[in-house]
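Topology and contacts: notes
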Amino acid sequence: MNPHYSGVAERAAHRCKYCQAPEAVFNFPFEVEHIIPPGRGGADEDANRALSCRSCNVFKSDHVEATDPLTGTRVPLFDPRRQRWQEHFRAEQGIGHLVGLTSVGRATINLLQMSG
Ligand SMILES: [Zn+2]
């Protein structure tokens, strides 16, 4: 297991920093991901680590930006350490259905396939 898992998971209250899925519903621990991938110049330090479910991490891969499906513009992906989740996403009734409130929110949902 990632040596940083405990601290990162505790800080995230054991929820995925992208889709906010609770770790408890999965049968395996979430992953420690790099917000900016090391291959893109991201540092291997605490400020660049976030808890992510397997699904979000796989789709995020080494991307740092995505296309807003509404406007077609390329925007940076949501940064869970520097941006507030509530400003970019809203959870609709029913588990797993998320709505993007901003270009960043919509692009991130689209790339990470977070809307279920
Ligand atoms: Zn997730």
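Scroll up to find the structure.
Notes on the structure in this doc start here. In this text, all values refer to a predicted model and were calculated from it rather than measured experimentally.

Rules and cut-offs
Residues numbered from 1 in each chain as written. Predicted model: local features only at pLDDT ≥ 70, side-chain atom pairs only at ≥ 80, totals over all residues. Heavy atoms only, no water. Phe/Tyr/Trp six-rings, centres within 6.5 Å; stacked < 30°, edge-to-face > 60°. Helix = DSSP H or I, 4+ residues; strand = E, 2+ residues; numbered from the N terminus. Donors = N, O, S within 2.8 Å, 3.2 Å for Na, K, Ca; no water. Tetrahedral: all angles 85-135°; square planar, octahedral: opposite > 155°, others 65-115°. Core = buried A, V, L, I, M, F, W, Y, C linked by side-chain atoms within 4.5 Å. Buried < 20%, exposed > 50% of the residue type's maximum accessible area, 1.4 Å probe, protein only. Contact = heavy atoms within 4.5 Å.

Moving on to the packing of aromatic side chains. A complete count under the given rule lists three aromatic pairs for this structure. Plain terms: the ring middles of Tyr-18 and Phe-78 are 6.3 Å apart, the flat faces sit at 85 degrees to each other, and that makes the pair edge-to-face. Of the two residues, Tyr-18 sits in the loop between helix H1 (5-11) and strand E1 (31-34) while Phe-78 sits in the loop between strand E4 (74-76) and helix H3 (85-88), which places them 60 residues apart along the sequence. One aromatic cluster is present, built from ring pairs that chain together Tyr-18, Phe-78, Trp-85 and Phe-89.

Below, the discussion takes up the coordination of the zinc ion. Within the protein, the atoms that donate to the zinc ion are Cys-16 (SG), Cys-19 (SG), Cys-53 (SG) and Cys-56 (SG), at distances of 2.3 to 2.4 Å. Of note is the zinc ion, whose four donor atoms meet at the metal with angles of 103 to 116 degrees in an arrangement that counts as tetrahedral.

The biggest cluster of nonpolar side chains holds 23 residues, and the ones touching the most others in it are Cys-16, Tyr-18, Cys-19, Leu-51, Cys-56 and Met-114. Contributions of two or more residues to this core are made by H1, strand E2 (49-52) and helix H4 (103-112).

What follows covers the environment of Phe-89. Within the secondary structure, Phe-89 is located in strand E5 (residues 89-91). With 69 residues separating them along the chain, Phe-89 and Gln-20 place their C-alpha atoms 10 Å apart. The residues touching Phe-89, leaving out its near neighbours within four places in the chain, are Phe-78, Val-99, Leu-101, Gly-105, Thr-108, Ile-109 and Met-114.

Another aspect to go through is the environment of Ala-66. Residue placement: Ala-66 occurs in strand E3 (residues 65-67). Sequence separation of Ala-66 and Ser-103 is 37 residues, and the distance between their C-alpha atoms is 9.5 Å. Look past the residues within four positions of Ala-66 in its chain and what remains in contact with it is Thr-73, Arg-74, Val-75, Leu-77, Ala-107 and Leu-111.

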